[in-house]
Amino acid sequence: MMTGRGTKNHITDRTKSGRMPKSRIPETLSYSKGVPVAKDPGCGGSAREAMALLKSQNGVLNKDRLVELTYGPKRPDIEAFTPHWAKMDSKVLCFDGIIKETIDDWPSETDRIRYVKVYYYLENDTLRVVEPETANSMLCQVHS
């Protein structure tokens, strides 16, 4: 505030002179480590009670909880990607089957049943048909 006293003009700092008008707004914040902490005027809380409450809350939180509150929850571990063919490596399905073939050479026999094994390889989706050797079958059988 500028006041004129005689011929000199000077500025008065009201905060240092003690003539600061009283505020009608109640103070509801106290500061702890530079952070504003609310105090409840209805409960008659003081800055000491606010500090005690803050210290008790900090004591309850462990390091893992503080990290989670700061950085968010941990992400779930992501399973490493493995391709389909690597998952199915060395996995084979085996089926028993029969082949019915017609015979024109023999008048007493019209068709013949031959037993086979069918192997299905999951790794690369291929089939293999194998006829097991049969003793005294009089058929040409290839060893595999």
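Notes on the structure follow.

Parameters and conventions
Residues numbered from 1 in each chain as written. Predicted model: local features only at pLDDT ≥ 70, side-chain atom pairs only at ≥ 80, totals over all residues. Heavy atoms only, no water. Helix = DSSP H or I, 4+ residues; strand = E, 2+ residues; numbered from the N terminus. Contact = heavy atoms within 4.5 Å. Areas by Shrake-Rupley, 256 points an atom, 1.4 Å probe, with all protein chains shown as cover. Salt bridge = Lys/Arg side-chain N within 4 Å of Asp/Glu carboxyl O. Buried < 20%, exposed > 50% of the residue type's maximum accessible area, 1.4 Å probe, protein only. Pairing = 2+ DSSP bridges. Axes fitted to C-alpha atoms, helices over the stretch in contact; angles between N-to-C directions.

### Description of the overall build of the protein chain
And then number 1: Of the regular secondary structure elements, the protein chain holds four helices and seven strands.
And then number 2: Seen in sequence order, the protein chain has helices and strands lined up from the N terminus as β-β-α-β-β-α-α-α-β-β-β.
And then number 3: Taking the intrachain contacts of the protein chain between residues at least 6 apart in sequence as the baseline, contacts between residues at least 24 apart amount to 21%.
And then number 4: When the accessible surface of the protein chain is summed, it comes to about 13600 Å², and 56% of that surface belongs to carbon and sulfur atoms.

### Let's talk about the pattern of salt bridges
And then number 1: Summed over the entire model, instances satisfying the criterion amount to six salt bridges.
And then number 2: Here Lys100 and Asp111 are joined by a salt bridge, their closest N and O atoms 3.4 Å apart. Highlighted residues: Lys100 in strand E5 (residues 92-102) and Asp111 in strand E6 (residues 111-121), separated in sequence by eleven residues.
And then number 3: Overall, Lys100 belongs to the exposed group, its relative accessible area being 60%.
And then number 4: One salt-bridge network, in which partners are shared between bridges, spans Glu101, Glu109, Arg112, Arg114 and Glu131.

### A look at the sheet that holds strand E7 (residues 126-130)
And then number 1: Taken in spatial order, the three strands of this open sheet run E5-E6-E7, and their pairing is antiparallel. Of all the strands in the sheet, the pair left with one neighbour each is E5 and E7. Going from strand to strand, the sheet's axes swing by 30° on average, the running direction of each strand aside.
And then number 2: Note: E5 against E6, eleven bridges, orientation antiparallel. Residue pairing for E6: Ile98 is matched across the bridge by Tyr115.

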